[in-house]
2 protein chains.
Amino acid sequence: MKTYSKNQLQRYPIYLKYLKKLEAEGVKVVSSPMMAKELGYSEEQIRKDLQNVSDRPGRPHKGRDVHVLIETLESFLGYRTSTKAVMIGAGHLGAALMNYPNFEEMGLSIVAAFDTDPAKIGAEVRGKAIYSMSDFETLWPHLDAEIAIICVPAEESQKVVDLAIKAGAKGIWNFAPNHINVPKSVSLVTTNLASSLAVLSHSLNVKK
Amino acid sequence: MKTYSKNQLQRYPIYLKYLKKLEAEGVKVVSSPMMAKELGYSEEQIRKDLQNVSDRPGRPHKGRDVHVLIETLESFLGYRTSTKAVMIGAGHLGAALMNYPNFEEMGLSIVAAFDTDPAKIGAEVRGKAIYSMSDFETLWPHLDAEIAIICVPAEESQKVVDLAIKAGAKGIWNFAPNHINVPKSVSLVTTNLASSLAVLSHSLNVKK
């Protein structure tokens, strides 16, 4: 089985976005040097990344068919199958992510939300109900979801993650700004805004 | 001058969040093994990371003062100085980030937003005005901002980034899902939700 590094996996959606832009502009064929120049990665890296998801090697000096490459990447990234997720925490960030139109084209469907705030429970975001957190265990089996997206404050995050995993969540996408622990059988990805800001602030200071 | 890797910089806010939790629980002293056990990094890595921001070495078998370490990390991360940013794109995600309460404790102050949607222009998010994108160049010099946060669709992102840099932005935090180009003098950090999802989906499939 092929293996993929985290950095490599993170590049594929960026390639795909670029290829879709090319396709919209009517471009039929793309080469690694062309992609390297536009995206700021090395030619070698792009060639290797594309080779790793494609059955066919790129033809030197001929490039790759843009449409075929889009299909290959969409299929590899799971954009052509639907994965269901629930949102835990329907505050500003949780609701914004439920409203994010791009998730659907990525094959991610947020089917319901849970919150502890009585003012939110019973409301809807983009047609999806916000349920009470106290009904989570009862409702989870009916939602057919694999992923729990965590948009609660740091103090609550480990508790709701434990609850989601106990109910059967196989994947956790954590937006809370603290470290959380999950068993090895569960997939965890963290989008930590504080960590991104730390990199940006440091870079700004170095350049001053 | 000390150098820091991107991964290392990303860990500091996670250490800080954990230390603040300890402090709130009344814990006065912390050791690297204790942090390693809770946060899932190696003792050696934690020791090295803390050494890199601290003048004083940790005392073996004695640990570090929690409060002093919090102050050291907050100061290193710039949480004790204020950095001003503008939001470009006040849609769901942009508005959610403007409402994100944690940015203030991180020293990041979003002072204004810009949008092209007439329905949004003139409104406020958390007391901050949403201005017309066509007034960006005129208003920027008065805002005293260093950072532009990009929450516009992929098709618009490079255009508004170019505009922000031309106006004087030194740092770009890009939430748009495509690659953007910036000159070397400008700091760029990307929070790409598609990339995070790619890592999560792949991990879920591998474990199936």
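Residues numbered from 1 in each chain as written. Chains lettered and ligands numbered in written order. Predicted model: local features only at pLDDT ≥ 70, side-chain atom pairs only at ≥ 80, totals over all residues. Heavy atoms only, no water.

(A) Representation of the overall build of chain A within the structure. Broken down by element type, chain A carries 9 helices and 9 strands. Going through the 208 residues of chain A one by one, you find that 50% of them count as buried. In chain A, of all internal contacts separated by at least 6 residues, the share reaching a separation of at least 24 is 56%. Of the charged side chains in chain A, 25 are positive and 22 negative; the average position of the first set lies 8 Å away from that of the second. (Helix = DSSP H or I, 4+ residues; strand = E, 2+ residues; numbered from the N terminus. Buried < 20%, exposed > 50% of the residue type's maximum accessible area, 1.4 Å probe, protein only. Contact = heavy atoms within 4.5 Å. Lys, Arg positive; Asp, Glu negative; His and termini not counted. Charge placed at Lys NZ, Arg CZ, Asp CG, Glu CD.)

(B) Representation of the packing of helix α2 (residues 32-39) of chain A against helix α3 (residues 43-53) of chain A within the structure. Residue and element names in this part refer to chain A. Viewed as axis vectors pointing N to C, α2 and α3 meet at an angle of 115°, and their least axial separation amounts to 8 Å. In the packing of α2 onto α3, the handedness of the crossing is right-handed. Contacts between α2 and α3 involve Ser32, Pro33, Met35 and Ala36 from the former and Glu43, Ile46, Arg47 and Leu50 from the latter. Among the residues forming the contact of α2 with α3, the class breakdown is 5 nonpolar, 1 polar and 2 charged. (Axes fitted to C-alpha atoms, helices over the stretch in contact; angles between N-to-C directions. Left-handed = near helix turned anticlockwise from the far one by under 90°. Nonpolar A, V, L, I, M, F, W, Y, C, P; charged D, E, K, R; others polar.)

(C) Representation of the interface of chain B and chain A within the structure. Residue-level contacts link 58 residues of chain B with 58 residues of chain A. Note on chain B versus chain A: buried area summed over both sides is about 5100 Å², and carbon and sulfur give 72% of it. Considering only the side of chain B, the residues that lose the most area to chain A are B:Leu193, B:Leu197 and B:Leu200, jointly responsible for 12% of the buried surface there. Across the chain B-chain A interface, the total number found is 2 salt bridges. The partner of A:Glu146 in a salt bridge is B:Lys208, and the shortest N-O contact between them spans 3.4 Å. Taken together, chain B and chain A are joined by 22 residue pairs in polar contact (both at pLDDT 80 or more). Mapped by element, the contributors of at least two residues to the side of chain B that touches chain A are α1 (6-24), α2 (32-39), α5 (92-98), α6 (102-105), β8 (171-174), β9 (187-190) and α9 (193-207) of chain B. Sorting elements by how many residues they give to the side of chain B that touches chain A places α9(B) first, with 14 residues. (Buried area = accessible area lost by both parts, 1.4 Å probe. Salt bridge = Lys/Arg side-chain N within 4 Å of Asp/Glu carboxyl O. Polar contact = N/O pair within 3.5 Å; in protein donor to acceptor, adjacent residues only side chain to side chain.)

(D) The relation of the copies chain B and chain A, seen in detail. Relative to chain A, chain B is turned by 180° and slid 0.0 Å along the rotation axis, the superposed coordinates differing by an RMSD of 0.0 Å. Viewed as a symmetry operation, the transformation between the two copies matches a two-fold axis. Considering only C-alpha atoms, the part of chain B nearest the rotation axis is B:Ala96, at 3.0 Å. The overlap is high: 100% of the interface residues of chain B also sit at the interface in chain A, so the same surface is used on both sides. (Least-squares fit on C-alpha atoms with pLDDT ≥ 70 in both.)

(E) Representation of the pattern of salt bridges. In this structure the tally under the stated criterion is 22 salt bridges over all chains. The partner of B:Asp117 in a salt bridge is B:Lys120, with the nearest N and O atoms 3.1 Å apart. For B:Asp117, a relative accessible area of 26% gives the class partly exposed. Its relative accessible area of 26% is what places B:Lys120 among the partly exposed residues. Several salt bridges converge on common partners, so that one network encompasses A:Lys20, A:Glu74 and A:Arg80.

(F) Quick peek at the packing of helix α1 (residues 6-24) of chain A against helix α4 (residues 66-76) of chain A. Residue and element names in this part refer to chain A. Here α1 crosses α4 at 145°, and the two axes come no closer than 10 Å. In the crossing of α1 with α4, the sense of the turn from one axis to the other is left-handed. Counting all contacts with α1, which are made through Leu9, Tyr12, Tyr15, Leu16, Leu19, Lys20 and Glu23, the residues of α4 involved are Val66, His67, Leu69, Ile70, Leu73, Glu74 and Phe76. Class assignment of the residues belonging to the contact of α1 with α4 gives a composition of 10 nonpolar, 1 polar and 3 charged.

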